[in-house]
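Summary of the model geometry
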Amino acid sequence: CFLYFVTSFGAYGMANEMDSFLTTTDEHLVFIRSSLRSAKERVIIVSPYISSRALAKADSRFEDLKTCIEASRKRGIEVCVFTDNKDQNPNTVIGREVLSNLNVDLIIVSQLHSKNLIIDNDCITFGSFNWLSAVTDPASIYCNYETTTI
């Protein structure tokens, strides 16, 4: 897995180029799933936290992230995750094991707080949404308003 300079920016997986911001939980959930389904070569996920619950969460609208990542890997897509080394709770450890078992390149670094997606050579995102750990239940006190720029 390697980082590279993104040469062009686009609203990857979005309705049109005017949709350059994600502002709702559902928009973020749709974006990461469509990115994993549409990638042609690689998806790099930068998420300081990993949650096995977030990887397994599915409902009538969204398949779970584990299934999306697994399908991408089966298509030969390189999936690389950068995460921080501070969080060692059992939910994080299980989440890392899930990713490793899917043959995801898991790179654990110190003092990471960025939240990004990089898809092929087409798109990079910057924002506050924790791609692999966000609480998405609006009834939860831990569900925050998050934004991402594409």
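Residues numbered from 1 in each chain as written. Predicted model: local features only at pLDDT ≥ 70, side-chain atom pairs only at ≥ 80, totals over all residues. Heavy atoms only, no water.

Thoughts on the sheet that holds strand E1 (residues 21-22)
In plain terms, the rule: Here, a strand pair is defined by DSSP locating no fewer than two bridges between the strands. Under the DSSP-based scheme used, a helix requires at least four consecutive residues in state H or I and a strand at least two consecutive residues in state E, with every element numbered from the N terminus.
A sheet is described by the order of its strands in space; here three strands give the open sequence E1-E8-E7, paired in antiparallel fashion. Only two strands of the sheet have a single neighbouring strand rather than two, namely E1 and strand E7 (126-127). Sheet topology places E1 next to strand E8 (residues 148-149); two bridges connect them, and they run antiparallel. Following the sheet pairing, Leu 22 is matched in E8 by Thr 148.

Overview of the packing of aromatic side chains
The following threshold applies: Whether two aromatic rings pair depends on their centres lying within 6.5 Å, for rings of Phe, Tyr and Trp, where Trp uses its six-membered ring; planes under 30 degrees apart make the pair stacked, over 60 edge-to-face, and the rest tilted. In this scheme, a residue with accessible area under 20% of its type's maximum is buried, one over 50% is exposed, and one in between is partly exposed, where area comes from a 1.4 Å probe on protein chains only.
Tallying each qualifying case throughout the model produces two aromatic pairs. Centre to centre, the rings of Phe 31 and Trp 131 are 6.3 Å apart; their planes meet at 40°, and the pair counts as tilted. Taken together, the positions of Phe 31 in helix H1 (residues 25-38) and Trp 131 in the loop between E7 and E8 put the pair 100 residues apart, joining distant regions of the chain. In this structure, Phe 31 and Trp 131 share a single accessibility class: buried. Seen in terms of ring centroids, Phe 129 and Trp 131 are 5.2 Å apart; in terms of plane orientation they differ by 70°. Their pairing is edge-to-face. Trp 131 matches Phe 129 in its accessibility class, with the two residues each being buried. In textbook terms, an aromatic cluster arises when at least three aromatic residues are bridged by ring pairs, as seen for Phe 31, Phe 129 and Trp 131.

That is the geometry; function is a separate question.
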